[in-house]
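Fold and geometry: a report
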Amino acid sequence: MTCLFCRIAKREIPCYKIYENEYSIAFLDPAKDNDGHILVIPKKHCKNIFDCDDFTLSELMRSVKLISNHLVNTCGFSGVNILNANGEAAQQSVGHFHIHIIPRKDNDKIDAWIKLNGGITSLEEIQKKLKVVEQYE
C-alpha cells in the first residue's frame, strides 16, 4: 500500500490544496487543530530528512518559504511556526517527510514551543560530542 501522503500527491486522495508545483504540494492539515495549519510535502517519497536528497529538500524549503511569505504578506498573519519531526524517537507521525506551517497572529495565545526537561551536561562536553568536523562540499 502506498503511503498516505504519496496518495495525496498523486491525487488519489483529495485534499484542501493551498499550493503545488512540480516538486511539492501543500495542503491544510486534516486534523484541523489550528486554522490555517498547512502541511508541505515533497511529491517524491522520502521517509524523513535523513533519506531526502539535497535537491528535493531544497525545493521543499523553497515552497515552505513561498507559502510562509504569502501568509504574512497577503493573508494577514504576523508570523509562522515551521515544525518538523524525523524518526519515531522524534514523534514523526507519518512515514513521509513533511513540514508543518502554523500561521500566527499577534497575541493568539498559541504556545507552539515544546517543553524540554533541561540539559544536565556542560555545553563544552556537548559541543565536543556534537561538533561537525567535516565541511560539506
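A short tour of the structure in this document, coming up. (Residues numbered from 1 in each chain as written. Predicted model: local features only at pLDDT ≥ 70, side-chain atom pairs only at ≥ 80, totals over all residues. Heavy atoms only, no water.)

Core analysis: the largest hydrophobic core is formed by 13 residues, its most contacted members being I38, V40, I67, L71, F97 and I101. Listed by contribution, the elements that provide at least two residues to this core are β3 (38-42), α2 (54-73) and β5 (99-104). Non-local contacts of I38, meaning those with residues more than four positions away in its chain, are made with I18, A26, F27, L28, D29, I67, L71, I99, H100 and I101. Judged by nonpolar contacts, the second largest core, of seven residues, contains F5, I8, F27 and L39. (Core = buried A, V, L, I, M, F, W, Y, C linked by side-chain atoms within 4.5 Å. Buried < 20%, exposed > 50% of the residue type's maximum accessible area, 1.4 Å probe, protein only. Helix = DSSP H or I, 4+ residues; strand = E, 2+ residues; numbered from the N terminus. Contact = heavy atoms within 4.5 Å.)

A few words now on the pattern of salt bridges. Overall, the coordinates contain eight salt bridges when judged by the stated rule. In this structure, E12 and R7 form a salt bridge, with 3.3 Å as the shortest nitrogen-oxygen distance. Judged by its relative accessible area of 46%, E12 falls in the partly exposed class. Between K44 and D53 there is a salt bridge, with the nearest N and O atoms lying 2.6 Å from each other. Residue classification places D53 among the partly exposed positions, given a relative accessible area of 26%. Counted as one network, the salt bridges with shared partners bring together R11, K17, E20 and K43. (Salt bridge = Lys/Arg side-chain N within 4 Å of Asp/Glu carboxyl O.)

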